[in-house]
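Structure at a glance
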Amino acid sequence: MIRDEVNQSIIISGESGAGKTETAKIAMQYLAALGGGSGIEYEILKTNPILEAFGNAKTSRNDNSSRFGKLIEIQFSETGKISGARIQTFVQCADGERSYHIFYQLCAGAPHALREKLNLRTADEYKYLRQSSCFSIAGVDDAEEFCVVMEALDVVHVSKEDQESVFAMLAAVLWLGNTSFTVIDNENHVEAVEDESLSTVAKLLGCSTGELNLALSTRKMRVGNDTIIQKLTLSQRRTGRSISILDIYGFESFDRNSFEQFCINYANERLQQHFNRHLFKLEQEEYVQDGIDWARVDFEDNQDCLNLFEKKPLGLLSLLDEESTFPNGTDLTFANKLKQHLHSNSYFRGDRGKAFTVNHYAGEVTYDTTGFLEKNRDLLHLDSIQLLSQCSCPLPQIFASNMLNQSEKPVAGPLFKAGGAESQKLSVATKFKSQLFQLMQRLESTTPHFIRCIKPNSLQSPGVYEQGLVLQQLRCCGVLEVVRISRSGFPTRMSHQKFARRYGFLLLESAASQDPLSVSVAILHQFNILPEMYQVGYTKLFFRTGQIGVLEDTRNRTLHGILRVQSVFRGHRARVYIKELRKGITTLQSFIIGEKVRKEYAVLVRRHRAAVSIQKRVKSKREMNRYQKLCDASVAIQSVVRGWLVRRCSSDIGFLRSGFKGAEPEEVLVKASFLAELQRRVLKAEAALREKEEENDILKQRLQQYESRWFEYEVKMKSMEEVWQKQMRSLQSSLSIARKSLAVDGSSRNSDASVNDDQDPTSLEAEPLTESNGTRPMSAGLSVISRLAEELEQRSQVFGDDAKFLVEVKSGQVDASLNPDRELRRLKQMFEAWKKDYGMRLRETKVILNKLGNDQGGGAAIDKVKKKWWGRRNSSRIN
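Sequence positions are assigned chain by chain, starting from 1 and proceeding in written order. Since the coordinates come from a predicted model, pLDDT governs what is reported: local features require at least 70, and pairs of side-chain atoms require 80 or more to be given and counted, while whole-chain, interface and lining totals use all residues. Just so you know, side-chain values use all the structure's heavy atoms and leave hydrogens and water out.

In the nomenclature of an unreviewed UniProt entry, the protein corresponds to Myosin motor domain-containing protein from the organism Punica granatum. UniProt positions are given in the numbering used here, feature names are shortened, and annotations may be inferred rather than shown by experiment. In UniProt, the protein has this text filed under Sequence similarities (unreviewed entry): "Belongs to the TRAFAC class myosin-kinesin ATPase superfamily. Myosin family. Plant myosin class VIII subfamily."

1. Some details on the environment of glutamine 497
Tracing the chain through its elements places glutamine 497 in helix H21 (residues 496-503). Sequence spacing of glutamine 497 and leucine 517 is 20 residues, and the spatial spacing of their C-alpha atoms is 7.5 Å. Secondary structure is summarised from DSSP: a helix means a run of H or I of at least four residues, a strand means a run of E of at least two, and numbering begins at the N terminus for each.

2. Overview of the pattern of salt bridges
Pairing of side chains with opposite charge becomes possible as their charged atoms draw close. Any Lys or Arg side-chain nitrogen found within 4 Å of a carboxyl oxygen on Asp or Glu counts as a salt bridge. Counting across every chain of the model gives 22 salt bridges. Residues arginine 121 and glutamate 196 are paired through a salt bridge, measuring 2.2 Å at the closest nitrogen-oxygen approach. Within this pair, whereas arginine 121 is found in the loop between helix H5 (112-118) and helix H6 (127-130), its partner glutamate 196 is found in helix H9 (residues 196-205), the two being separated by 75 residues in sequence. A simple rule labels every residue: compare its accessible area, found with a 1.4 Å probe on the protein chains alone, to the largest value its type can have, and call it buried under 20%, exposed over 50%, or partly exposed in between. A relative accessible area of 26% means that arginine 121 is categorised as partly exposed. Owing to a relative accessible area of 37%, glutamate 196 belongs among the partly exposed residues under this scheme. Residues joined in a network through salt bridges with shared partners are Glu22, Lys25 and Glu52.

3. Thoughts on the packing of aromatic side chains
Aromatic pairing here means that ring centres of Phe, Tyr or Trp (its six-membered ring) are within 6.5 Å. Orientation follows from the plane angle: under 30 degrees is stacked, over 60 is edge-to-face, and everything else is tilted. By the definition in use, this model includes 22 aromatic pairs. Residues phenylalanine 262 and phenylalanine 356 carry aromatic rings whose centres are separated by 6.4 Å and whose planes lie at 75° to one another, so their mutual orientation is edge-to-face. In this pair, phenylalanine 262 sits in helix H11 (residues 259-290) while phenylalanine 356 sits in strand S11 (residues 355-360), placing the two residues 94 residues apart along the sequence. Pair check on accessibility: phenylalanine 262 and phenylalanine 356 agree, each one buried. A centroid spacing of 5.7 Å and a plane angle of 85° characterise the contact between phenylalanine 262 and tyrosine 367, whose relative ring orientation is edge-to-face. Pair noted here: phenylalanine 262 is in helix H11 and tyrosine 367 is in strand S12 (residues 363-368), with a separation of 105 residues, a long-range link. Each member of the pair phenylalanine 262 and tyrosine 367 is classed as buried. Taken together, the ring pairs connect Phe259, Phe262, Tyr266, Phe309, Phe334, Phe348, Phe356, Tyr367, Phe372 and Phe432 into an aromatic cluster. Counting as a charge over the ring demands two things of the Lys NZ or Arg CZ atom: a distance within 6 Å of the ring centre and an angle within 35 degrees of the ring normal. Here the guanidinium or amino end of arginine 452 rests over the ring plane of phenylalanine 275, the centre of that ring lying 4.6 Å away.

4. Details of the nonpolar core
We define a nonpolar core as any set of buried Ala, Val, Leu, Ile, Met, Phe, Trp, Tyr and Cys residues linked to one another through side-chain atoms lying within 4.5 Å. With 44 residues, the main nonpolar core has Leu129 and Phe167 as its most contacted residues. Elements supplying a minimum of two residues to this core: helix H3 (47-55), helix H4 (101-109), H5, H6, helix H7 (140-155), helix H8 (160-177), H9 and helix H10 (209-218). Among the elements that make up this core, the one with the highest residue count is H8 (nine residues). Grouped together as the second largest cluster of nonpolar side chains are 42 residues, Leu246, Ile248, Phe262 and Leu373 included.

5. Some points on the environment of phenylalanine 499
As for its placement among the helices and strands, phenylalanine 499 is situated in helix H21. What makes phenylalanine 499 buried here is its relative accessible area of 0%. Separated by 20 residues in sequence, phenylalanine 499 and valine 519 have C-alpha atoms that sit 8.7 Å apart. Here, two residues are considered to be in contact whenever any of their heavy atoms come within 4.5 Å of each other. Excluding its chain neighbours within four sequence positions, the residues that come into contact with phenylalanine 499 are Met494, Gly504, Ser520, Ile523, Leu524, Leu541, Phe543, Ile548 and Leu551.

6. Looking at the UniProt feature "binding site: ATP" (unreviewed entry) in the protein
As annotated by UniProt and renumbered to match this structure, "binding site: ATP" (unreviewed entry) occupies Gly14, Glu15, Ser16, Gly17, Ala18, Gly19, Lys20 and Thr21. Counting through the fold element by element, glycine 17 comes out in the loop between strand S1 (8-14) and helix H1 (20-35). Residue glycine 17 is classed as partly exposed on the basis of its relative accessible area of 39%. As for its placement among the helices and strands, lysine 20 is situated in helix H1. Leave out the neighbours within four places in its chain, and lysine 20 touches Ile12, Ser13, Gly14, Glu15, Asp247, Ile248, Tyr249, Gly250 and Cys453. Within the structure, lysine 20 has its side chain in polar contact with the backbone oxygen of glycine 14 (distance 3.4 Å). In the analysis that follows, any N or O atom pair within 3.5 Å is treated as a polar contact, provided that within protein one partner can donate a hydrogen and the other can accept it, and provided that, for residues neighboring in sequence, both atoms belong to side chains.

7. A few points about a negative patch on the surface
A cluster of acidic residues, Glu691, Glu694, Glu695, Glu790, Glu793, Asp801 and Asp802, forms a negative patch on the protein surface. For the negative patch, the secondary structure elements donating two or more residues are helix H24 (665-705) and helix H27 (775-811). If you tally residues by element for the negative patch, the top one is H27, at four residues. The topology assignment puts glutamate 694 in helix H24. Glutamate 694 gets classed as partly exposed once you look at its relative accessible area, which sits at 48%. Exposure above 30% relative accessible area and the lack of any salt bridge qualify a residue for a patch; like charges then connect within 9 Å, and the nonpolar side chains Val, Leu, Ile, Met, Phe, Trp and Tyr within 5 Å. Here the open area of atoms and residues is found with the Shrake-Rupley method and a 1.4 Å probe, where only the protein chains shown may cover a residue. By the counting rule applied here, Lys and Arg register as positive and Asp and Glu as negative, while His and the ends of each chain are not counted. Charged groups are reduced to one reference atom each: NZ for lysine, CZ for arginine, CG for aspartic acid, CD for glutamic acid.

8. Description of the pairing of S1
By the criterion of burial, S1 is predominantly enclosed, with seven of the seven residues buried. Residue alternation in S1 divides its side chains into two sets, Gln8, Ile10, Ile12 and Gly14 and Ser9, Ile11 and Ser13, and both sets are buried. Sheet topology places S1 next to strand S9 (residues 242-247); five bridges connect them, and they run parallel. Residue isoleucine 12 lies in a different strand from S9, and its bridge partner there is aspartate 247. Note on pairing: two strands pair once DSSP finds at least 2 bridges between them.

9. Concerning H1
Taking 1.5 Å of rise per residue, the 16 residues of H1 would be expected to cover 22 Å, and the 22 Å separating its terminal C-alpha atoms lies within 8% of that figure. Of the residues making up H1, those classed as buried are Lys20, Thr21, Ala24, Lys25, Ala27, Met28, Leu31, Ala32 and Gly35. Buried residues in H1, looked at end-on, bunch into an arc of 165°, giving them a common side. Of the exposed residues in H1, those oriented more than 90 degrees away from the buried face are Ile26, Tyr30, Ala33 and Leu34. Just downstream of H1, glycine 37 is the residue with a positive phi angle, here 130°. Between the first and last residue of a helix there are one fewer steps than residues, each counted as 1.5 Å, and that sum is the expected span. Directions from the helix axis toward the C-beta atoms define the arc.

10. With respect to the side chain of threonine 357
Considering the arrangement of structural elements, one finds threonine 357 in strand S11. Among the polar contacts made by the side chain of threonine 357, one reaches the side chain of aspartate 351 at a distance of 2.6 Å. Within the structure, threonine 357 has its side chain in polar contact with the side chain of threonine 366 (distance 3.0 Å). Excluding residues within four positions of it along the chain, threonine 357 makes contact with Tyr347, Phe348, Arg349, Asp351, Glu364, Val365 and Thr366.

11. Quick word on unusual backbone geometry
Residue proline 313 is reached from lysine 312 by a cis peptide bond, and omega for that bond is 0°. Position of proline 313 relative to the elements: it lies in the loop between helix H12 (303-310) and helix H13 (316-325). Positive phi, close to 55°, is recorded for asparagine 119, a residue that is not glycine. Residue position: asparagine 119 is located in the loop between H5 and H6.

12. Some remarks on the sheet that holds strand S14 (residues 492-495)
Backbone hydrogen bonds are what pair the strands of a sheet, in a parallel or an antiparallel way. In spatial order, the strands read S14-S16-S15; together these three strands make up an open sheet with antiparallel pairing. With partners counted over all chains shown, the strands left at the sheet margins are S14 and strand S15 (534-536), one partner each. Across this sheet, the average inter-strand angle for adjacent strands is 15°, counted without regard to direction. Relative to strand S16 (residues 540-543), S14 runs antiparallel, the two sharing four bridges. Each bridged residue has a counterpart across the sheet, and for serine 495 the counterpart in S16 is lysine 540. A fitted line through C-alpha atoms serves as each axis, taken over the contacting stretch for helices, and the angle formed by two N-to-C directions is quoted from 0 to 180°. Against the sheet, H21 makes contact with S14, S15 and S16, and its axis sits at roughly 90° relative to S14, the strand it touches most.

What follows is the structure, encoded as structure tokens:
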């Protein structure tokens, strides 16, 4: 189909019961497996249960006999995939048979709800199903098959509403068989009895009982014996080509053969002529046209038998239609007319009574003309069609519409007119012939492939191979002639161009010319094909059986090798491409990952810097709060200390004033100036101490920035600074006490001296007092105290600078080749030595000052007061 671009057909033929239906199933399954993939093939296979249920019946010769011929056209896309299907059936039912399977399946397997809706009964309660000689009660198998049919209807997209309409029509047919009639006058006019059957049919069709009774009374409706064309289409979109499978009823010959066997055998005769024409006549004519040497094979042509059926005006079908048009025509007059006009035909023989015999290709068959005319006139009355068109059920309306459309079409050929009100209609035989010719036209447009089904035995001897029966079938269907042609003839042929195009690449060397004939002959010589196994015609090459298969095997092996080489090369190229692609992907990934990591690292760095900045600000804020609290505490402590000092000094001054109430005003002024000078120096020393404390606080802040690294070192420095501060305060306190003591001694010795209030106190250090003997020792004491104070300040500055330098060396801010810890210990030792020396000198200065005071002899009252003051100072210090 794909290579030649021509539609194909598979024609399955054989006697009844030879296995044609099963063969058609296998062919459908095979094509579905080859062209499957779209899902439509499953729907196509699911049509088999539907076709068997609605078209197969049980006969005396076959339990599953096909009562129609079906043409299954499977449509393929351009790529060889199934795209759809179209199924056409030619129904022909015979009397005396068990009816279609669907009636028994419906009675046995319908669900309870459907049975109630359709008022179904068992199969043995319907007269229509009991009238067959092959009647059997529906059983379990029918119930199971009904479930399969319903599933298949769902698969082929028949809606539930349409299914219920179909089952309602089937039930109406069953109940129509139970309808009874009564004679109402002397002219044998009948009327249907209004019982359960009539009311059920009216309900199922959707009409009134009166309308149904009128239609039935006018002409009793017949069930069966009609030739019907049914079409089922399962298609998505028809494209490409198609393969048709024809499964038609086989040749039949019973003890009594009627109109049904007449039509069936005529159809088989036409198919046999198609078979003969393609395998014998056309093939041998092709040999003559191409001028090849061959031995002619004679075959039996059944064209004369077909002329007996189809010839006008004296053919079987023409005479049947002519006799059917006569109102007074009977089966006997029809038989006599056949004997009168056809007695000279070698394929016809008139028998006694109403019988005649036809010599078919498969053998002689005797037909009984009883019922021929009635079955040929089997037309549905106009009242029945109008009744169906007025039903509320949609399916009868569709039937009526199709019947009316067919009756309105112009027709040619013998016509039957039942009355003035009737439309002209074709007879059953004419319609059957027309359908058969349409079928043959479709088959002629395809390339045919024939399958002959052979019965191995008869029903009387099951399980036994009957050689005579098989040979008779082979002889009748022309298979023996086919074998002879295949042996002496050339069944395989191919044009020169097609042969060269298909096998030209097998040549090892290119042909001298590009002429297709030269290329073809070169190919045959290369593969050593014997001359008697082929012949060269004018336009084609003819081969005996099996020769083209050798070339096809060689071609397939060569193509397989070529495909193998191509696959290896393409695989190598694909692997190289993949390798390069992977390398490029790896490089690209490395760049992308590097860029991504760099961005992530930059984000992490920004986060780290932000975290450090936040930590710095938090720690700075925390230390600032801590420092502020420390400053506030220091100020509070200083205010308390200063207040205490002021209060204490104020009490001493008040005591001195109370002790010298009789003294001169000038002496009081002198003592007040000395006291102011001492207070000024005390304030100066305190200011210097505060500056040192501020410097120490700055050092603390710098040390706190590195407390996580140098925690132990900071603890040591803190402890050393606290010791220094305590010792400094002790020294300052001693110095202050010495100054105060010196001021008291001076005031007691120089009570008679007069000093202006506006005089600068600092002039006491610059200009020595020479007015009296008492002033010089006092000036000397003040100079000693000043030197001690300056030394204290210088030493504090030196120790502070050294400690700051060691901190910078420890933190790495200053590069120096020394050990900070060792230098710190050395500085501490120097401080301890200086402190010891300074304390010793301070005590010596105090002794000298006391000695100077004693040498002056300031009077008993002054000594008393001085001792009292020193005693109060010492006691206050102890407290």
